[in-house]
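Notes for the structure review
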Amino acid sequence: MREDGDSWDVTESVGMTAVGVAAMRAAETARPDALFQDPYAEKLVAAVGSGWAKLMSGEVTVDDADQARMYGMASFMTARTVYFDEYFAATSAAGIRQVVILAAGLDARAYRLEWPSGTVVYELDQPKVLAFKAAALADDEPAADLREIAVDLREDWPKALRDKGFDPVNPTAWLAEGLLRYLPADAQDRLLADIDALSAPGSRVAINTWSGVRAENSELRAAREEMLAKAGLTIDVENLWYDEDDRTPPVAWFAAHGWQVETTDSRTLLAAHGREVPDIADTELLRHTLMTATRP
Ligand SMILES: C[S@@+](CC[C@H](N)C(=O)[O-])C[C@H]1O[C@@H](n2cnc3c(N)ncnc32)[C@H](O)[C@@H]1O
């Protein structure tokens, strides 16, 4: 359950989800046919030292049925990582040098992507999450001018962003990956409006959105909880979401505000990259939308 003003580090509540997705990036990176390389993911997950690391190292083994249940989610994480990596390659090629990663969590793009010189990457997340990542990657050099902004995204983050040097006159590449469901609907609406208000012509935004209802998925949800419990992880992701299903769909919102919107789904993206996914992954893969939009 969530509360106004709640906060967390990487071992609890919403912070744990940042570790979970990093563990899936580490697992993809280790594959011989990996679709991307995130060498920082394993390091970050190991530094947390939690059950995620045990799952990753094989110390806690899961059976075939568990693997099948995880498959859809892991495939979705791979798809979204590839999609947003390609998005940033395109924004850099288009000359955008101001990047804002909302809810950066353990995203290591500031370290692992090739940023043209002069690129500033702003990372926003909860104070303890960013402090953990900075400490774990203290020996690593960011590949851009990285500016961390410790802030609650339900509060006045645009002011914190400007205070660190963000200039709305310049075009921006925004990313909100794995964030929206963790915000109350009114904070999501404010976030979309703030992105719009701070975006010069030529700015772009990338977001993943989820179109499903929890109840449909209760069996999968219970099975996932049981599997994670084997690694000592007590987490029910859906329980960390704000329970408001009437929230504004970002695709429609950006289109209505004059942005040129493009969407795809994870299955199509993975197929385009030669990754075959078994049908069992479909339920998960097809209920997420990957979206980019450009302000003309
Ligand atoms: C599922 S993780 C995704 C992290 C990262 N974008 C990625 O894909 O690897 C969700 C992230 O959202 C952050 N987050 C959620 N609500 C937030 C809030 N109100 N303020 C700041 N960060 C928030 C969490 O701390 C966490 O890092």
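For the structure, see preceding data.
Overview of the structure. (Residues numbered from 1 in each chain as written. Predicted model: local features only at pLDDT ≥ 70, side-chain atom pairs only at ≥ 80, totals over all residues. Heavy atoms only, no water.)

Quick notes on the packing of helix 1 (residues 13–30) against helix 2 (residues 39–48)
Packing of helix 1 against helix 2 leaves a shortest axis separation of 8 Å and a crossing angle of 135 degrees. Viewed along their axes, helix 1 and helix 2 adopt a mutual orientation that is oblique. Judged by the sense of rotation from one axis to the other, the crossing of helix 1 with helix 2 is left-handed. Seen from helix 1, the contacting residues are V19, A22, A23, R25, A26 and T29; seen from helix 2, they are P39, A41, E42, V45 and V48. Here the residues of the contact of helix 1 with helix 2 sort into eight nonpolar, one polar and two charged. (Axes fitted to C-alpha atoms, helices over the stretch in contact; angles between N-to-C directions. Helix = DSSP H or I, 4+ residues; strand = E, 2+ residues; numbered from the N terminus. Parallel < 35°, antiparallel > 145°, perpendicular 65-115°, else oblique. Left-handed = near helix turned anticlockwise from the far one by under 90°. Contact = heavy atoms within 4.5 Å. Nonpolar A, V, L, I, M, F, W, Y, C, P; charged D, E, K, R; others polar.)

A closer look at the site of the ligand
Surveying the vicinity of the ligand reveals 22 residues, the closest of which are W8, R25, A103, D125 and L153. Contacts to the ligand include R25, whose side-chain N or O atom sits 2.8 Å from an oxygen atom. In this structure, R80 approaches the ligand through a side-chain N or O atom, which is 2.9 Å from an oxygen atom. Element by element, the count of residues in the shell around the ligand is highest for helix 1, at five residues. Residue classes in the shell around the ligand are distributed as twelve nonpolar, four polar and six charged. (Near = heavy atom within 4 Å. Polar contact = N/O pair within 3.5 Å; in protein donor to acceptor, adjacent residues only side chain to side chain.)

Points about unusual backbone geometry
Across residues other than glycine, the phi torsion is negative in most instances, and most of the peptide bonds are trans. Positive phi outside glycine occurs at S13, with the angle close to 45 degrees. Looking at the secondary structure, you find S13 in helix 1. The partly exposed category is assigned to S13, whose relative accessible area is 27%. A positive phi angle is found at A103, which is not glycine, with a value near 60 degrees. (Buried < 20%, exposed > 50% of the residue type's maximum accessible area, 1.4 Å probe, protein only.)

A closer look at the packing of helix 2 against helix 6 (residues 127–136)
For the pair helix 2 and helix 6, interaxial distance at closest approach is 10 Å and the crossing angle is 110 degrees. The angle between helix 2 and helix 6 falls in the class roughly perpendicular. Two packed elements cross with a definite hand, and for helix 2 against helix 6 that hand is right-handed. Taken together, the residues of helix 6 that come into contact with helix 2 (itself represented by K43, L44, A47 and V48) are F132, K133 and A136. Considered class by class, the residues forming the contact of helix 2 with helix 6 number five nonpolar, no polar and two charged.

Some words on helix 1
With 18 residues, helix 1 should reach 26 Å at 1.5 Å per residue; the first-to-last C-alpha distance of 27 Å fits that figure. Summarising burial for helix 1: 15 of the 18 residues are buried, a large majority. (Expected span 1.5 Å × (residues − 1).)

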